[in-house]
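One-letter residues, chain by chain:
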Amino acid sequence: MKFMKLGSRPDTFYTNEAVRSVSSEVTSDLIVQVKGSRYLLHKFPLLSKCLRLQRICSESPETLHHQIVQIPDFPGGTEAFELCAKFCYGITITLSAYNIVAARCAAEYLQMTEDVEKGNLVYKLEVFFNSCILHGWRDSIVTLHTTKAFPLWSEDLRITSRCIEAIALKASTHPSKVSLSHSHSRRVRDDVSCNGVEGQRQRPAAKGWWAEDIAELGIDLYWRTMIAIKSDGKIPSNLIGEALQIYASRWLPNISRKIKATREPAGSNSDSDSASEVTSKSRLLLESIVSLLPSEKGAVSCSFLLKLLKAANILNVSSSSKMELARRVALQVEEARVSDMLIPLSSSSNTLYDVDIVLTILEQFMLQGQSPPTSPPRSKLGTERRRRSRSAENIDFKLQGSRRSSSASHSSKLKVAKIVDGYLQQIAKDINLPLSKFIAVAETIPDFSRLDHDELYRAIDIYLKAHPDLNKSERKKLCRVLDCKKLSVEACMHAAQNEKLPLRVVVQVLFFEQTRAATTGHKVTDLPSNIKALLASHNIDPSKPPRALSTTTSIPGDDQWSTVSGLRSPKSRISTLRMKLAEDDDLDENDMNPDGMGRPSKFKGFCVLPTGPKKMFSRLLSTNRNATEKS
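As the structure is a prediction and not an experimental result, all values here were calculated from the model.

Caption draft 1: Up close: the overall build of the chain. Of regular secondary structure, the chain possesses 30 helices and seven strands. Taken across its 631 residues, the chain has 48% of its residues classed as buried. Counted over contacts in the chain with a minimum sequence separation of 6, partners at least 24 positions apart contribute 72%.

Caption draft 2: Layout of the packing of aromatic side chains. Taken as a whole, this structure holds 10 aromatic pairs when the rule is applied. Plain terms: the ring middles of F74 and F81 are 5.5 Å apart, the flat faces sit at 85° to each other, and that makes the pair edge-to-face. Just as F74 is buried, F81 falls in that class too. Taking 6.0 Å as the distance between ring centres and 40° as the angle between the ring planes, the aromatic pair formed by Y247 and W251 counts as tilted.

Caption draft 3: Main features of the sheet that holds strand β6 (residues 67–71). Spatial ordering of the open sheet is given by β2-β3-β5-β4-β6, a layout of five strands whose pairing is mixed. Pairing within the sheet leaves two strands with one partner each, and these edge strands are β2 (13–16) and β6. Across the sheet, the mean angle from the axis of one strand to that of its neighbour is 25°, orientation sign disregarded. Direction of pairing for strand β3 (residues 19–22) relative to strand β5 (residues 37–41): parallel, over a ladder of three bridges. Across the sheet, residue R20 finds its bridge partner in β5, namely Y39. On top of the sheet, helix α2 (residues 51–59) reaches β4 (30–34) and β6; it is set at about 125° to β6, its chief contact.

Caption draft 4: How the structure looks around the pattern of salt bridges. Under the counting rule described, the total for this entry stands at 20 salt bridges. Between R104 and E126 there is a salt bridge, with its nearest N and O atoms 2.8 Å apart. In this pair, R104 sits in helix α4 (residues 100–110) while E126 sits in helix α5 (residues 121–133), placing the two residues 22 residues apart along the sequence. Residue classification places R104 among the buried residues on the basis of a relative accessible area of 9%. With a shortest N-O distance of 3.3 Å, D461 and K465 are connected by a salt bridge. With D461 and K465 both in helix α24 (residues 454–466), this residue pair falls four residues apart, about one helical turn. Residues participating in the shared-partner salt-bridge network are D11, R20, E82 and K86.

Caption draft 5: Structural context of helix α26 (residues 489–496). Burial in α26 covers these residues: A491, C492, A495 and A496. Viewed along the axis of α26, the buried residues span an arc of 130°, placing them on a single side of the element.

Caption draft 6: Seen up close, the confidence of the model for the chain. Predicted confidence across the chain gives a mean pLDDT of 77, with 67% of residues reaching 70 or more. The low-confidence segment residues 370–408 (pLDDT under 50) makes 60 contacts with residues lying over four places distant or belonging to another chain.

Caption draft 7: Structural view of the environment of D156. The topology assignment puts D156 in helix α7 (residues 151–156). Along the backbone, D156 and C105 are 51 residues apart, and their C-alpha atoms lie at a distance of 9.8 Å.

Caption draft 8: Spotlight on the environment of S321. Its location among the elements puts S321 in helix α18 (residues 319–331). Residue contacts for S321: discarding those within four places in its chain leaves E287 and V290. There is a polar contact of 3.0 Å between the side chain of S321 and the side chain of S318.

Caption draft 9: Focus on the side chain of S28. By the element assignment, S28 lies in the loop between β3 and β4. Take S28: its relative accessible area is 16%, and that puts it in the buried class. Apart from the residues lying within four places of it in its own chain, the contact partners of S28 are L40, L41, H42, H65 and H66.

Caption draft 10: Examining the pairing of β6 more closely. Of the two faces of β6, only one is covered, namely that formed by Q67, V69 and I71; the face formed by I68 and Q70 stays uncovered. Judged from the five bridges that link them, β4 and β6 form a sheet pairing that is parallel. Residue pairing for β6: Q33 is matched across the bridge by Q70.

Caption draft 11: Spatial organisation of α4. Within α4, 10 of the 11 residues are buried, leaving the element largely enclosed by the surrounding structure. Looking at α4, one finds that the buried residues are I100, V101, A102, A103, R104, C105, A106, A107, Y109 and L110.

Caption draft 12: Representation of the nonpolar core within the structure. In this structure, L41, M112, W210, I214, Y222 and M226 are the most contacted members of the largest nonpolar core, which totals 153 residues. If sequence neighbours within four positions are ignored, I214 has contacts with W137, I141, I167, Y222, M226 and I229.

Caption draft 13: Spatial organisation of the packing of helix α17 (residues 302–315) against α18. Put simply, α17 and α18 touch, their axes get as near as 10 Å, and they point 155° apart. Between α17 and α18, the crossing angle belongs to the class labelled roughly antiparallel. Between α17 and α18 lies a crossing whose hand is left-handed. Facing C302, L305, L306, L308, L309, A312 and N313 of α17, the residues of α18 in contact are K322, L325, R328 and V329. When the residues that make up the contact of α17 with α18 are grouped by side-chain class, the tally is eight nonpolar, one polar and two charged.

Caption draft 14: Molecular detail of unusual backbone geometry. Look at Q111: it is not a glycine, yet its phi comes out positive at around 60°. The residue Q111 is located in the loop between α4 and α5 in this model.

Caption draft 15: Local environment of the packing of α5 against helix α8 (residues 159–171). Viewed as axis vectors pointing N to C, α5 and α8 meet at an angle of 20°, and their least axial separation amounts to 11 Å. For the element pair α5 / α8, the angle class is roughly parallel. The interaxial crossing formed by α5 with α8 has right-handed handedness. Listed contacts from α8 to E126, F129 and N130 of α5 are I159, R162 and C163. Of the residues in the contact of α5 with α8, the class split is three nonpolar, one polar and two charged.

Caption draft 16: Local environment of the pairing of β3. Taken together, the four bridges between β2 and β3 define a ladder with antiparallel strand orientation. Pairing of T15 across the sheet is with R20, part of β3. Between the antiparallel neighbours β2 and β3 lie two residues, among them E17 with a positive phi of about 55°.

Caption draft 17: Region of interest: the environment of V441. One can find V441 in helix α23 (residues 435–443). For V441, a relative accessible area of 0% translates into the label buried. Between the C-alpha atom of V441 and that of E363, which follows or precedes it by 78 residues, the distance is 9.5 Å. Each residue touching V441, except ones within four places of it in the same chain, is listed here: V355, L359, L362, V420, Y423 and L424.

Conventions we followed
Residues numbered from 1 in each chain as written. Predicted model: local features only at pLDDT ≥ 70, side-chain atom pairs only at ≥ 80, totals over all residues. Heavy atoms only, no water. Helix = DSSP H or I, 4+ residues; strand = E, 2+ residues; numbered from the N terminus. Buried < 20%, exposed > 50% of the residue type's maximum accessible area, 1.4 Å probe, protein only. Contact = heavy atoms within 4.5 Å. Phe/Tyr/Trp six-rings, centres within 6.5 Å; stacked < 30°, edge-to-face > 60°. Pairing = 2+ DSSP bridges. Axes fitted to C-alpha atoms, helices over the stretch in contact; angles between N-to-C directions. Salt bridge = Lys/Arg side-chain N within 4 Å of Asp/Glu carboxyl O. Arc of directions from axis to C-beta. pLDDT = per-residue confidence, 0-100. Polar contact = N/O pair within 3.5 Å; in protein donor to acceptor, adjacent residues only side chain to side chain. Core = buried A, V, L, I, M, F, W, Y, C linked by side-chain atoms within 4.5 Å. Parallel < 35°, antiparallel > 145°, perpendicular 65-115°, else oblique. Left-handed = near helix turned anticlockwise from the far one by under 90°. Nonpolar A, V, L, I, M, F, W, Y, C, P; charged D, E, K, R; others polar.

Put into structure tokens, the structure is as follows:
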């Protein structure tokens, strides 16, 4: 830390009955009142250097013994005035980064310029400021920090702007070439001695050495400093991002805990005012950090962005800041963790997590144009359904798979699909989560991104357990997002015994499990007695794989299976199967009438499948045809 001493005389100021005086053989003839404090001084040394005091004394009437001068708005208060007064008397004063701003503002106020006397205080302070303060790293930061007490004076005298320019210039320089504080320079020397100068220059820690020091600044000065550093263009965006993370971790830790602590004893107006002040300051700080985020992808981690988004929800920041954070998260959401995606809502909300902002992130992620669109657009609440055959969807899936040109974008979608399924498992535990939002999140991911549906099935199972009051139509709607043929053997075994699933889904699972059992020779999983009884009432034997796809069994009741007749030849079987699959989609589509009333659904036997794998059916039909020809 640099310092400067002016004057050579010893300090002769003393206090007598709350009045500050100076020891002298000459009787004092001037009383100066500065913010409630009185000084008994002499006109000659003060007026010879202070043009303002000359003018005040010339305009005020003289009394018999003392002339009184009142300065109620003196910048820097009594300490700054005493520095100037001691300089006039030639008494030794010490100046450093901690008091130079106050002394400079006071000297400017008293007009202690070269026009009054050569070598006056303003000149000496400017020399010290330009030659020492601005050349030192720590001195520049401390001086900039002290300008908060004199914002207008510091701006007029360009103290603030010059400190910011000096800091920004040094931030782009290696620390070995910057005059640092003792502790920091020693730490840098230790690193250099261990790793070598060249190795130290290549380390990101050395390149971002300035971040922790400027984190001491308030948000207004920090924002201006970071703008100057960014505009210089010499600092990489990732180092800017690291600096913002350091600043946020220092000033935004445990936001919810802080606000809760200030709101708990809200029995008086002062408590509520303090809570509001904490919230407003934190909100301004967060919005300023968001405005400073580099535009380059990957400049900050996705985890950091999601933490900012959580804080934004707690502080109720502007919607524009939230949307900006959501857009930036969408650019790298494949790096996120499930725990980071659990963004809490305010205590006044019924649901635990902000699902809407996650939907926005996922929609922005899908709109990046990394690959061709894979499905028709869906509404946020999932009310729009596709009116098309699932077999046709399967064909489209194959075509779209061949059109994907970017392997990186495809891999990122696979990662995001796993994150979404894990996120669904967490929000499914919320008893107040609407079904429409759960489905909307599940449907944001294209079909090809889920190589298997085990995790999605686990999320659906959790949701069914947490919401036992779902009616039959709602459970069907929930299970539409599930593709049974993408379930593993273990998941199929669990689903076949899951009493909470609709019967139609259980039958679909059983079909695929029986198909696997028929090809591998394994046994079908044992079912609960109630499901066995239900299937038996429909003349369905789950223990035996179907020998043929045709059946003439007619099942009465609400969930009856349509009779399938005329499946005599392979051509008629395939055409009839296509017809039944298309019909099944239309029936599922119309399960809910526009007026909200449910329509009874129909089951179609083991041939009723969500996506109808054609190769499997071709193999089965070919087997049946060969058996018929042999007979």
